[in-house]
Amino acid sequence: MTLEPRLVEVRKNVLKQNDVLARALRERFREAGVLAISLVSSPGAGKTAFLERTLTLLHTRYKVAALVGDLATENDAARLARSQAPVQQIITGTVCHLEAAMVQNALDGWNLRDLDFLFIENVGNLVCPSSYDLGEDLRFVLLSVTEGEDKPLKYPTIFNSADVAIITKSDLAAAVEFDEVLTRRNIQAVRPGIQVLKLSAKTGAGMPDFLEFLERLHPRSHRAAAVAK
Amino acid sequence: MHELSIAMSIVDLACEEAEMRGAPGVDVVYLKLGPLSGVVKEALLFSYEIACQQTPLEGSKLLIEEVPIVVNCPVCRERRSVQSTQSLCCAICGTPTPEILEGRELMVTAMELRP
Ligand SMILES: [Zn+2]
């Protein structure tokens, strides 16, 4: 009798463990009535400045907190703590993205019912974070006017995985001859129908519209039903 | 580059499945990979060899089937392929659509077990 290799069917997602944890997190956020938003961008897109401004502005009216993924060499968390909002650092070491298990560990002992908004700042990277569901309700992708209009076409997967696109550093748009029409067209090409907002964390331009947008998204807002997906 | 951590997840998954079936080793792992999975085929193949070292999968092959993006076209009201990841439009009528049915796969579909 000869022994042949045996072909077996498996059909299992490689990231199933991450997906199971992410689903549990999403359910936890829903039950607690907290809106969880993750932020992804390139390292230079101004993600931390944007989040600092957002936390500072929201902090007066809502209960907000942030988890921040930092590589071993970074400390965005210390900077964000200036906003007075609770900030928890997740040191990823050499890992270039957050995973659901890291978010779960960072939230250990938190009472999410005390929160209205939870921001999860991913590591600055437009490639790796796209594969990992963190249980967030919404994923915002940030793109600064200094990065070039073709960025969405170079990183279609992460833009496609996002729910909202935010154009940052709008105060520099004229200086770098930013082509907004082309950028918006490129964003829509890789993620048709996505909402695009433009703002400057430095000058505050566009921030009121952004905050209003966030308030409408919140599950406890009476207008949420009309906007949320 | 996260392909090494993905490759290690594949190896873990395959080891578990082989052990469950009482197989002493694995010759081939079949993987379905979508263009929107965020994983690069070449980098994954390279990482896979490293991830297999000193595991029951050492010497095994990873066979990757790249699958296309399939969307639901709201105009054709049909499953349609798209032009490219840079243009998520129905390949037939050109309508942009965010409704992706397939293309995010990162799935072990089958394995060849050593007898
Ligand atoms: Zn069509």
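Here's a quick rundown of the structure. (Residues numbered from 1 in each chain as written. Chains lettered and ligands numbered in written order. Predicted model: local features only at pLDDT ≥ 70, side-chain atom pairs only at ≥ 80, totals over all residues. Heavy atoms only, no water.)

Here we look at the coordination of the zinc ion
Residues and elements named next belong to chain B. Quick note on the threshold: In this listing, donors mean N, O and S atoms no farther than 2.8 Å from the metal, or 3.2 Å for Na, K and Ca; water is missing from the atoms, so a site can look incomplete. Angular criteria define each label, namely tetrahedral for four donors with all angles between 85 and 135 degrees, square planar for four and octahedral for six donors with opposite donors over 155 degrees apart and remaining angles between 65 and 115, and irregular for whatever fails these tests. Residue burial is assigned from relative accessible area. The probe radius is 1.4 Å, only protein chains are included, and a residue is buried under 20% of its type maximum, exposed over 50%, and partly exposed in between.
Distances from the zinc ion to its protein donors, namely Cys73 (SG), Cys76 (SG), Cys90 (SG) and Cys93 (SG), fall within the range 2.2 to 2.3 Å. If you look at the zinc ion, its four donor atoms make angles of 103 to 113° with each other, and the shape they trace is tetrahedral. Written as a sequence motif, the donor residues of the zinc ion are C-x2-C-x13-C-x2-C. Its relative accessible area of 22% is what places Cys76 among the partly exposed residues.

With respect to the pairing of strand β5 (residues 117-121) of chain A
Residues and elements named next belong to chain A. Going by this rule: Here a strand is any run of E in DSSP of at least two residues, a helix any run of H or I of at least four, and the numbering for each starts at the N terminus. Any two strands with at least two DSSP bridges between them are considered paired.
Within β5, five of the five residues are buried, which leaves it mostly tucked inside the rest of the structure. Pairing of strand β3 (residues 64-71) with β5, which is carried by five bridges, proceeds in the parallel orientation. In the strand pairing of β5, Leu67 is matched with Ile120.

Side note on the interface of chain B and chain A
What counts is decided by this rule: Contact criterion: two residues are considered in contact whenever any of their non-hydrogen atoms come within 4.5 Å of each other. Computed with a 1.4 Å rolling probe, the buried area is the accessible surface lost when two parts are put together, summed over both parts. Take a side-chain nitrogen of Lys or Arg and a carboxyl oxygen of Asp or Glu: if they are within 4 Å of each other, that pair is a salt bridge.
The partner chain A presents 30 residues to the 37 residues of chain B that form the contact. Summed over both sides, the interface of chain B with chain A buries roughly 2,800 Å², with 57% coming from carbon and sulfur. The interface formed by chain B and chain A includes two salt bridges. One salt bridge in this structure joins A:Lys16 and B:Glu16, with 3.9 Å as the shortest N-O distance.

Topic: the packing of aromatic side chains
All names here are of chain A. Inclusion rule: Under the pairing criterion, centres of Phe, Tyr and Trp rings, with the six-membered ring standing for Trp, must be within 6.5 Å; the plane angle then separates stacked pairs below 30 degrees from edge-to-face pairs above 60, leaving the rest tilted.
Within this structure, the stated rule accounts for five aromatic pairs over all chains. Measuring from centroid to centroid gives 5.3 Å for Tyr62 and Phe117, while their planes differ by 85°, and the two rings are edge-to-face. Within this pair, whereas Tyr62 is found in the loop between α2 (47-59) and β3, its partner Phe117 is found in strand β5, the two being separated by 55 residues in sequence. Given a relative accessible area of 23%, Tyr62 falls into the partly exposed group. Taking the centre distance of 6.4 Å and the plane angle of 40° together, the rings of Phe140 and Phe213 count as tilted. Taken together, the residues span a long stretch of sequence, with Phe140 in strand β6 (residues 138-144) and Phe213 in helix α8 (residues 207-217) at a distance of 73 residues. As far as burial versus exposure is concerned, Phe140 and Phe213 are alike and both buried.

Concerning the packing of helix α1 (residues 3-20) of chain B against helix α2 (residues 41-52) of chain B
All names here are of chain B. As a reminder, the rule being used: Here, axes are lines fitted to C-alpha atoms. For helices the fit covers the stretch in contact, and angles between N-to-C directions go from 0 to 180 degrees. Just so you know how the angles are binned, under 35 degrees is roughly parallel, over 145 roughly antiparallel, 65 to 115 roughly perpendicular, and the rest oblique. The crossing is said to be left-handed when, going from far helix to near helix, the turn is anticlockwise and less than a right angle, and right-handed when the turn is clockwise. For this classification, the nonpolar set comprises Ala, Val, Leu, Ile, Met, Phe, Trp, Tyr, Cys and Pro, the charged set comprises Asp, Glu, Lys and Arg, and every other residue, Gly included, is treated as polar.
Relative to each other, α1 and α2 sit at 55°, their axes nearing to 8 Å. Between α1 and α2, the angle is such that the two are oblique. In the crossing of α1 with α2, the sense of the turn from one axis to the other is right-handed. Contacts between α1 and α2 involve Glu3, Leu4, Ile6, Ala7, Met8, Ile10 and Val11 from the former and Ala43, Leu44, Ser47, Tyr48, Ile50, Ala51 and Cys52 from the latter. Residue composition of the contact of α1 with α2, grouped by class: 12 nonpolar, one polar and one charged.

Details of α1(B)
Cut-off, in case you're wondering: To estimate how far a helix should extend, the number of its residues minus one is multiplied by 1.5 Å.
The terminal C-alpha atoms of α1(B), which comprises 18 residues, lie 26 Å apart, in line with the 26 Å expected from a rise of 1.5 Å per residue. Of all the positions in α1(B), only B:Glu3, B:Ile6, B:Ala7, B:Ile10, B:Val11, B:Leu13, B:Ala14, B:Cys15, B:Glu17 and B:Ala18 are classed as buried. Looking at the packing, one finds that the buried side of α1(B) touches β1 (6-13) and α1 (16-32) of chain A together with β1 (26-33), α2, β2 (61-66) and β7 (106-113) of chain B. Positive backbone phi, at 70°, marks B:Gly22, one or two positions downstream of α1(B).

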